[in-house]
Amino acid sequence: MSILHSEAFLAAPAARLTVLDFGLFQVHENGRIIGIPGYLIETADGRRLLVDTGFPAHYAGDPAAAGRADGLDTFGRVLRLTAENLPAGQLARLGLAPVDVDLLILTHSDVDHVGGLTDFAARPIVVGRAERALPRPRYFGEVTPIAWPAGADYRLIDADTVLAPGVAVLPTPGHSPGHLSLAVRLPQTGLVVLTGDAISRPAELEEGFGGAWDNAAAAASAARLLAIAREAEGWLIYGHDPDQWGSLRKAPDGYV
């Protein structure tokens, strides 16, 4: 039985899903401009689950210098990233602070997802087992300046897992070894699949998954997410889709 049909998942819908705006980035190769999303999921029992943390804070001070230091300037450039695009700034748009987050979910450990990891090290951290097995978070290329916080309460995921009623985390390896996606059931919106970089944009389904850690695994994970959304008549929010990004409601607005 699919975990999305389980009693634990169906016990109640999540209360709210909010898209967080962690900045805007342009890829050199084709000029593609992409949003950097995070998410806040509020559960039926009042917990707040943060999904990803965006770029490191020093990118908000001097993104060009930060990109040069990390080598990210060989791939693209940050177009917009201020203090408001860091987790604390986005949570403030909801009247919240980092201390109000009960759990961090890390889809994977690339630079635009893992930047605020240490700021939430006092919270339980949900991460793919294969991702956490890496000596350090992937960050970018050969650059790995962030360490896994020592002593953190890691909740390691290697199978579909219900985190709260209406919220399930799904292993979707391929883009990275331990990539995670999420399924969120909302009372009005229905099922929303947060693909993360398992499907960064729909064009990948035809173009292939260039730059993935494992192309075959990436294709299989993408096909699985599409099947889940199709079966449940759900909606997909892609990891970095230029066409979709502008149409998404963002904090302080959300989906219920």
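All of these numbers come straight from a predicted model, not from anything done at the bench.

1. Side note on unusual backbone geometry
Working step 1: Across the junction of A251 and P252, the peptide omega takes the value 15 degrees, indicating a cis bond.
Working step 2: For P252, the location among the structural elements is in the segment after α9 (242-245).
Working step 3: For Y139, which is not a glycine, the phi torsion comes out positive at approximately 60 degrees.
Working step 4: Among the secondary structure elements, Y139 is positioned in the loop between α6 (129-132) and β7 (154-157).
Working step 5: Although it is not a glycine, E233 sits at a positive phi angle of roughly 50 degrees.
Working step 6: Tracing the backbone shows E233 in the loop between α8 (215-231) and β12 (235-238).
Working step 7: The exposure class of E233 is exposed, given its relative accessible area of 75%.

2. Brief notes about the pairing of strand β2 (residues 33-42)
Working step 1: Across the 10 residues that make up β2, a large majority, eight, are buried.
Working step 2: Looking at chain direction, strand β1 (residues 16-27) and β2 are connected through nine bridges and run antiparallel. Directly across from V19, in β2, lies its bridge partner Y39.
Working step 3: Taking the residues that link successive antiparallel strands as the turn, the β1-β2 hairpin has five residues, and the phi of G31 there is positive, at about 75 degrees.
Working step 4: In terms of strand pairing, β2 meets strand β3 (residues 48-51) through four bridges, oriented antiparallel. For I41, the partnering residue across the bridge sits in β3 and is L49.
Working step 5: Between β2 and β3, which pair antiparallel one after the other, the connecting turn spans five residues, and G46 there sits at a positive phi close to 90 degrees.

3. Topic: the pattern of salt bridges
Working step 1: On inspection of all chains with the given rule, the structure shows 10 salt bridges.
Working step 2: The partner of E42 in a salt bridge is R16, and the shortest N-O contact between them spans 3.7 Å. Here E42 is found in strand β2, whereas its partner R16 is found in strand β1, with 26 residues between them in sequence.
Working step 3: For R16, a relative accessible area of 22% gives the class partly exposed.
Working step 4: Note that R47 and D45 form a salt bridge whose closest N and O atoms lie 3.4 Å from each other.
Working step 5: Classification of R47 by relative accessible area gives partly exposed; the value is 30%.

4. Some points on the sheet that holds β7
Working step 1: Here seven strands make up an open sheet; going across it, the order is β4-β1-β2-β3-β5-β6-β7 and the pairing mixed. Looking along the sheet, the strands with just one partner apiece sit at the ends: β4 (76-80) and β7. Looking at each pair of strands side by side, their axes are set apart by 30 degrees on average, direction ignored.

5. So, the packing of aromatic side chains
In this description, a pair of aromatic rings is defined by centroid distance and the angle of the planes.
Working step 1: By the definition in use, this model includes six aromatic pairs.
Working step 2: Centroid distance F25 to F75: 5.9 Å. Interplanar angle 20 degrees. Geometry classified as stacked. Here the residue F25 occupies a position in strand β1, and F75 occupies one in the loop between α3 (63-70) and β4, the gap between them amounting to 50 residues.
Working step 3: Ring pairing ties together the aromatic residues F25, F55, Y59, F75 and F140, which thus form one cluster.
Working step 4: Directly above the aromatic system of Y154 lies the positively charged group of R132, at a separation of 4.5 Å from the ring centroid.
Working step 5: Its guanidinium or amino end placed over the ring of W245, K250 lies 4.5 Å from that ring's centre, counting from NZ or CZ.

What counts and how
Residues numbered from 1 in each chain as written. Predicted model: local features only at pLDDT ≥ 70, side-chain atom pairs only at ≥ 80, totals over all residues. Heavy atoms only, no water. Helix = DSSP H or I, 4+ residues; strand = E, 2+ residues; numbered from the N terminus. Buried < 20%, exposed > 50% of the residue type's maximum accessible area, 1.4 Å probe, protein only. Pairing = 2+ DSSP bridges. Salt bridge = Lys/Arg side-chain N within 4 Å of Asp/Glu carboxyl O. Axes fitted to C-alpha atoms, helices over the stretch in contact; angles between N-to-C directions. Phe/Tyr/Trp six-rings, centres within 6.5 Å; stacked < 30°, edge-to-face > 60°. Lys NZ or Arg CZ within 6 Å of the ring centre and 35° of its normal.

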